[in-house]
Amino acid sequence: MPRRDTRKQRAQAQQASALAVGSSVRYGVLALLIALAAVLCNVRSVSPSASSQRPQPQPQPQRPRGDLLGAVSKGDAAAAAAILDSGASVDATTPDGWSALHLAAQHGHATSALVLLERGARVDASAQAGWTPLHLSAGVGHADLIAPLLKHGASPSATNADGFNALHLAAQFGHAAVLSALAEAGALAGAGGVVDSTTADGATALHLAAERGHTSVVERLLAHGAATGFLEFRPPPPISPI
């Protein structure tokens, strides 16, 4: 009997010891997990937020003023507007005195010309030999530029060094569409009309058109009341538009 009691007591003691060890392990694991959770919480509290980890936008350098004359020559009206908005002078010129508006008129870039005109470009700026933007448009034949130039104050009676106005140049080079644009703007007849104005050599637009055989121009001039007086002179050689 005593031996059986001893064996039973030993078995109970071993079971109690195993339970104690198991409980200790469980409590140890639990404590470890709690400690690990605390560490993670501390790390999160000191780590930068996701938004602060994103790369911040860098300050953009100020856009250079750029080449207004180049943009206008290419007909890039949007670039011309941006360059003007950055502070460039609307009356910037080439070294030989041609303004941005001259270049727009020469190349027939109507949209670029409007950008310049709306920002106050000198509409009657005079360059080499007294040529204005209106002279260039008329001489080259860019009829769509005539109306906006006149609307912004271009003078149809302004002359270059040879006494040629826009109508003389249009007649000399046979640009009937330019003549029509001048007529529609009221620049030919009436007060201030230039239909019978003369060059430095005394030639009218009708003389110049007839001399070079521009029949359509002659007909339109006659329709607008051009005088048919006789003139004994030999017109100078044609002036090539610049």
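Residues numbered from 1 in each chain as written. Predicted model: local features only at pLDDT ≥ 70, side-chain atom pairs only at ≥ 80, totals over all residues. Heavy atoms only, no water.

### Points about the overall build of the chain
Next, step 1: Scanning the chain for helices and strands turns up 12 helices and 0 strands.
Next, step 2: Secondary structure of the chain in N-to-C order comes out as α-α-α-α-α-α-α-α-α-α-α-α.
Next, step 3: Put simply, the chain has 242 residues, and 36% of those count as buried.
Next, step 4: Nonlocal contacts in the chain, meaning residues at least 24 apart in sequence, comprise 67% of its contacts between residues at least 6 apart.
Next, step 5: Entry remark: accessible area of the chain is about 14,000 Å², with carbon and sulfur atoms responsible for 56%. (Helix = DSSP H or I, 4+ residues; strand = E, 2+ residues; numbered from the N terminus. Buried < 20%, exposed > 50% of the residue type's maximum accessible area, 1.4 Å probe, protein only. Contact = heavy atoms within 4.5 Å. Areas by Shrake-Rupley, 256 points an atom, 1.4 Å probe, with all protein chains shown as cover.)

### Notes on the environment of Gly-229
Next, step 1: Examined against the element boundaries, Gly-229 turns out to sit in the segment after α12 (215-223).
Next, step 2: A residue is classified by how much of its surface remains accessible, and Gly-229, at 46% relative accessible area, is partly exposed.
Next, step 3: In this structure, the C-alpha to C-alpha distance between Gly-229 and Leu-206, residues 23 residues apart in sequence, is 9.6 Å.

### Some thoughts on α12
Next, step 1: Along α12, the positions that sit buried rather than exposed are Val-217, Val-218 and Leu-221. Buried positions in α12, seen along its axis, are confined to an arc of 100 degrees and lie on one side of it. For α12, the exposed residues set more than 90 degrees away from the buried face come down to Thr-215, Glu-219 and Ala-223.
Next, step 2: Where α12 is buried, its residues touch α9 (166-172), α10 (176-184) and α11 (205-211).
Next, step 3: Of the residues flanking the end of α12, it is Gly-225, one or two places downstream, whose phi is positive at about 85 degrees. (Arc of directions from axis to C-beta.)

### Focus on α10
Next, step 1: Of all 9 residues that make up α10, 7 are buried, and the element is covered over most of its length.
Next, step 2: What α10 keeps buried is the set Ala-176, Val-178, Leu-179, Ser-180, Ala-181, Leu-182 and Ala-183.
Next, step 3: Buried residues in α10 make contact with α7 (133-140), α8 (146-151), α9 and α12.
Next, step 4: Gly-186 occupies a position one or two residues after α10 and carries a positive phi of about 75 degrees.

### Here we look at the packing of helix α4 (residues 77-85) against helix α6 (residues 110-118)
Next, step 1: Interhelical geometry of α4 versus α6 gives an angle of 20 degrees and a closest axis separation of 9 Å. Between α4 and α6, the crossing angle belongs to the class labelled roughly parallel. For the pair α4 and α6, the sense of crossing is right-handed. Here Ala-77, Ala-81 and Leu-84 of α4 come into contact with α6, specifically with Thr-111, Ser-112, Val-115 and Leu-116.
Next, step 2: Of the residues in the contact of α4 with α6, the class split is 5 nonpolar, 2 polar and no charged. (Axes fitted to C-alpha atoms, helices over the stretch in contact; angles between N-to-C directions. Parallel < 35°, antiparallel > 145°, perpendicular 65-115°, else oblique. Left-handed = near helix turned anticlockwise from the far one by under 90°. Nonpolar A, V, L, I, M, F, W, Y, C, P; charged D, E, K, R; others polar.)

### Brief notes about the nonpolar core
Side chains that are nonpolar tend, in soluble globular proteins, to be buried together.
Next, step 1: Counting 59 residues, the largest nonpolar core has Leu-116, Leu-182 and Leu-221 as the members making the most contacts within it.
Next, step 2: Those residues in contact with Leu-116 that sit more than four places away from it in its chain are Leu-68, Val-72, Leu-84, Val-90, Ala-100, Leu-101, Ala-104 and Ala-121. (Core = buried A, V, L, I, M, F, W, Y, C linked by side-chain atoms within 4.5 Å.)

### Describing the side chain of Thr-204
Next, step 1: Here Thr-204 shows up in the loop between α10 and α11.
Next, step 2: Overall, Thr-204 belongs to the buried group, its relative accessible area being 8%.
Next, step 3: Only 3.0 Å separates the side chain of Thr-204 from the side chain of His-207, close enough to count as a polar contact.
Next, step 4: If we ignore the near neighbours within four places in the chain, the residues touching Thr-204 are His-168, Asp-196, Ser-197 and Thr-198. (Polar contact = N/O pair within 3.5 Å; in protein donor to acceptor, adjacent residues only side chain to side chain.)

### Considering the packing of helix α5 (residues 100-107) against α7
Next, step 1: In contact at an axis separation of 8 Å, α5 and α7 are set at 10 degrees when each is read in the N-to-C sense. On the basis of the axis angle, α5 is roughly parallel to α7. Taking contact as the criterion, the partners of Leu-101, His-102, Ala-105 and Gln-106 in α5 are, on α7, Pro-133, Leu-136, Ser-137 and Val-140.
Next, step 2: Counted by class, the contact of α5 with α7 contains 5 nonpolar, 3 polar and no charged residues.

### Quick look at the pattern of salt bridges
Next, step 1: What the rule picks out here adds up to 1 salt bridge.
Next, step 2: Arg-119 is the salt-bridge partner of Asp-85, the closest N and O atoms lying 3.4 Å from each other. Of this pair, Asp-85 sits in helix α4 while Arg-119 sits in the loop between α6 and α7; the two residues are 34 residues apart in sequence, bridging distant segments of the chain.
Next, step 3: On the basis of relative accessibility, which here comes to 59%, the residue Asp-85 falls in the exposed class. (Salt bridge = Lys/Arg side-chain N within 4 Å of Asp/Glu carboxyl O.)

### A few points about the environment of Asp-91
Next, step 1: Here Asp-91 shows up in the loop between α4 and α5.
Next, step 2: Sequence separation between Asp-91 and His-102 is 11 residues; the distance between their C-alpha atoms is 9.8 Å.
Next, step 3: For Asp-91, the residues in contact, after removing those within four places along its chain, are Gly-120, Ala-121 and Arg-122.

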